[in-house]
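Notes for the structure review
The residues making up each chain are set out below.
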Amino acid sequence: VYSYLLDIKSRVKESTYAHYVFVCEKHLLPYFKGCKANRLNTDVLNQFVTFKLERGGVKGTPLSAKTVSDIVCILTHILKKQCNLSFDIDKPGIKQPEIFVLSDKDYERMLSSLFIGTDTKSLGLMIAMLTGLRLGELCALQWQDFDFDNEVIYITKTLQRLKVTDKSDNRKTKIIINAPKSEASIRLVPIPSVLIAKLKEFKHYDKTYVLTGTMKHMEPRNYQTYFKKILKKFHLQDNKFHILRHTFATRAIAKGMDLKTLSVILGHTDVSFTMKMYVHPTLEQKKAQIEKVAVNF
């Protein structure tokens, strides 16, 4: 396992490497400790999958099918790369998670209220609601990333907190700011005209962060906490920040944006992924469409 980690360290992003280290140290090494490669077989590996699904989490709680599937992918890669072994492991079936979006009424109510706000955190929510930026991209956003002449935002970096993998570092986690998750995520996002004037009200020195107005960034988890307070203020169901990205994509399609343009704005490499993961008909849309069926009756 450690040979594998050493081999991939220079070839993957730091965030990917941190995830691989976590999976190896938390799931693979404790379970397979002392087990020789030549003792592995399909039954042994499928028993591992079952164990993780039933009680592989903290204090023996079950792990989700998605988490176990990710673990199995890393395990299979290690076995193939380091041991030249290939097994037919039964990956758990992954159900499409239920996705929520804000209704048109709630979206417009929240956005209208934010527009009369006077703080940088409110401004951040407006940007997310009107552009679909990811949380990490928003936290990394500085004023130098805005081009007001061409009315675009340059998305070139993301901010995230990672588990420290260097044993000589006494910290458990650290903040890193680096390139987004894929090449397609490095992109230009047009600024809606309705947002231009508001942005200019807040514009600060180039290297200051948009969410704080200072040279110090805001952590994603802190901004997530702020967002949850906003949801509570508007008497909306508790949810993750990512609901704003889902809502943006769903509204974009409903308003007539073509799928390819939406995919590029969101920073996806695959249009089908955009449709599958981020486009969700609202109740209002479904009602409007079903009325078309009965229009002649």
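Residues numbered from 1 in each chain as written. Predicted model: local features only at pLDDT ≥ 70, side-chain atom pairs only at ≥ 80, totals over all residues. Heavy atoms only, no water.

**Things to note about the overall build of the protein chain**
When helices and strands are counted, the protein chain shows 13 helices and 5 strands. With respect to the principal axes defined by its C-alpha atoms, the protein chain has extents near 65 × 60 × 35 Å. Counting over 297 residues, the protein chain shows a buried share of 42%. Sequence separation of 24 or more characterises 60% of the internal contacts of the protein chain that already satisfy a separation of 6 or more. (Helix = DSSP H or I, 4+ residues; strand = E, 2+ residues; numbered from the N terminus. Buried < 20%, exposed > 50% of the residue type's maximum accessible area, 1.4 Å probe, protein only. Contact = heavy atoms within 4.5 Å.)

**Points about the pattern of salt bridges**
Across all of its chains, the model carries 17 salt bridges by this definition. Among the ionic pairs, Arg11 bridges to Asp7, the shortest N-O distance being 2.9 Å. Between Arg161 and Glu219 there is a salt bridge, with its nearest N and O atoms 2.5 Å apart. Taken together, the residues span a long stretch of sequence, with Arg161 in strand β3 (residues 158-163) and Glu219 in the loop between α8 (193-202) and α9 (220-233) at a distance of 58 residues. Linked by salt bridges that have partners in common, Asp7, Arg11 and Lys81 make up one network. (Salt bridge = Lys/Arg side-chain N within 4 Å of Asp/Glu carboxyl O.)

**Examining the nonpolar core**
In this structure, Ile127, Phe146 and Tyr223 are the most contacted members of the largest nonpolar core, which totals 51 residues. By residue number, the principal contributor to this core is helix α6 (residues 120-131), which donates 7 residues. Residues contacting Phe146, with those up to four places away along its chain left out, are Ile127, Leu141, Val152, Ile153, Ile191, Leu199 and Val210. Membership of the second largest hydrophobic core comes to 24 residues, among which are Ile8, Val49, Ile74 and Phe87. (Core = buried A, V, L, I, M, F, W, Y, C linked by side-chain atoms within 4.5 Å.)

**Here's the deal with the sheet that holds strand β5 (residues 187-190)**
Across the sheet, which stays open at both edges, the 3 strands sit in the order β1-β2-β5 with antiparallel pairing between neighbours. A single partner strand is all that each edge strand has here, and the edge strands are β1 (146-147) and β5. Judged from the 2 bridges that link them, β1 and strand β2 (residues 152-155) form a sheet pairing that is antiparallel. When the bridges of β2 are listed, Phe146 appears paired with Ile153. (Pairing = 2+ DSSP bridges.)

**Some remarks on unusual backbone geometry**
The backbone of Asn84 shows a phi angle near 55°, a positive value even though the residue is not glycine. With respect to the helices, strands and loops of the structure, Asn84 is situated in the loop between α4 (65-83) and α5 (104-115). For Asn84, a relative accessible area of 69% translates into the label exposed. We note that Glu151 has phi near 55°; this positive angle belongs to a residue other than glycine. Among the secondary structure elements, Glu151 is positioned in the loop between β1 and β2. According to the relative accessible area criterion, Glu151 is partly exposed, its value standing at 36%.

**Overview of the packing of aromatic side chains**
With the rule as written, the count across this model stands at 10 aromatic pairs. Ring centres 4.9 Å apart and planes at 45° place the aromatic pair Phe32 and Phe48 in the tilted group. Taken together, the residues span a long stretch of sequence, with Phe32 in helix α2 (residues 14-32) and Phe48 in helix α3 (residues 42-55) at a distance of 16 residues. A relative accessible area of 15% places Phe32 in the buried class. (Phe/Tyr/Trp six-rings, centres within 6.5 Å; stacked < 30°, edge-to-face > 60°.)

**A closer look at the confidence of the model for the protein chain**
When pLDDT is averaged along the protein chain, the result is 89, and 97% of the positions lie at 70 or above. Here helix α13 (residues 283-293) stands out as the element of the protein chain with the lowest mean pLDDT, 73, in contrast to helix α7 (residues 135-139), whose mean of 97 is the highest. (pLDDT = per-residue confidence, 0-100.)

**Describing α8**
All of the buried residues in α8 are Leu195, Ile196, Lys198, Leu199 and Phe202. Of the surrounding elements, those touching the buried residues of α8 are α5, α6 and β1.

**Brief notes about the side chain of Glu219**
Overall, Glu219 belongs to the buried group, its relative accessible area being 15%. Filtering out sequence-adjacent residues up to four positions away, Glu219 remains in contact with Cys139, Arg161 and Ile175.

**Concerning the side chain of Gln142**
Among the secondary structure elements, Gln142 is positioned in the loop between α7 and β1. Among residues more than four places away in sequence, those in contact with Gln142 are Lys157, Asp206, Lys207, Thr208, Tyr209 and Val210.

**Here's the deal with the environment of Tyr223**
For Tyr223, the location among the structural elements is in helix α9. By relative accessible area, Tyr223 is classed as buried at 0%. Tyr223 sits 129 residues away from Ile94 along the chain, and the two C-alpha atoms are 29 Å apart. Setting aside residues no more than four positions away along its own chain, Tyr223 makes contact with Lys121, Gly124, Leu125, Leu135, Leu138, Cys139, Leu211, Met218 and Phe241.

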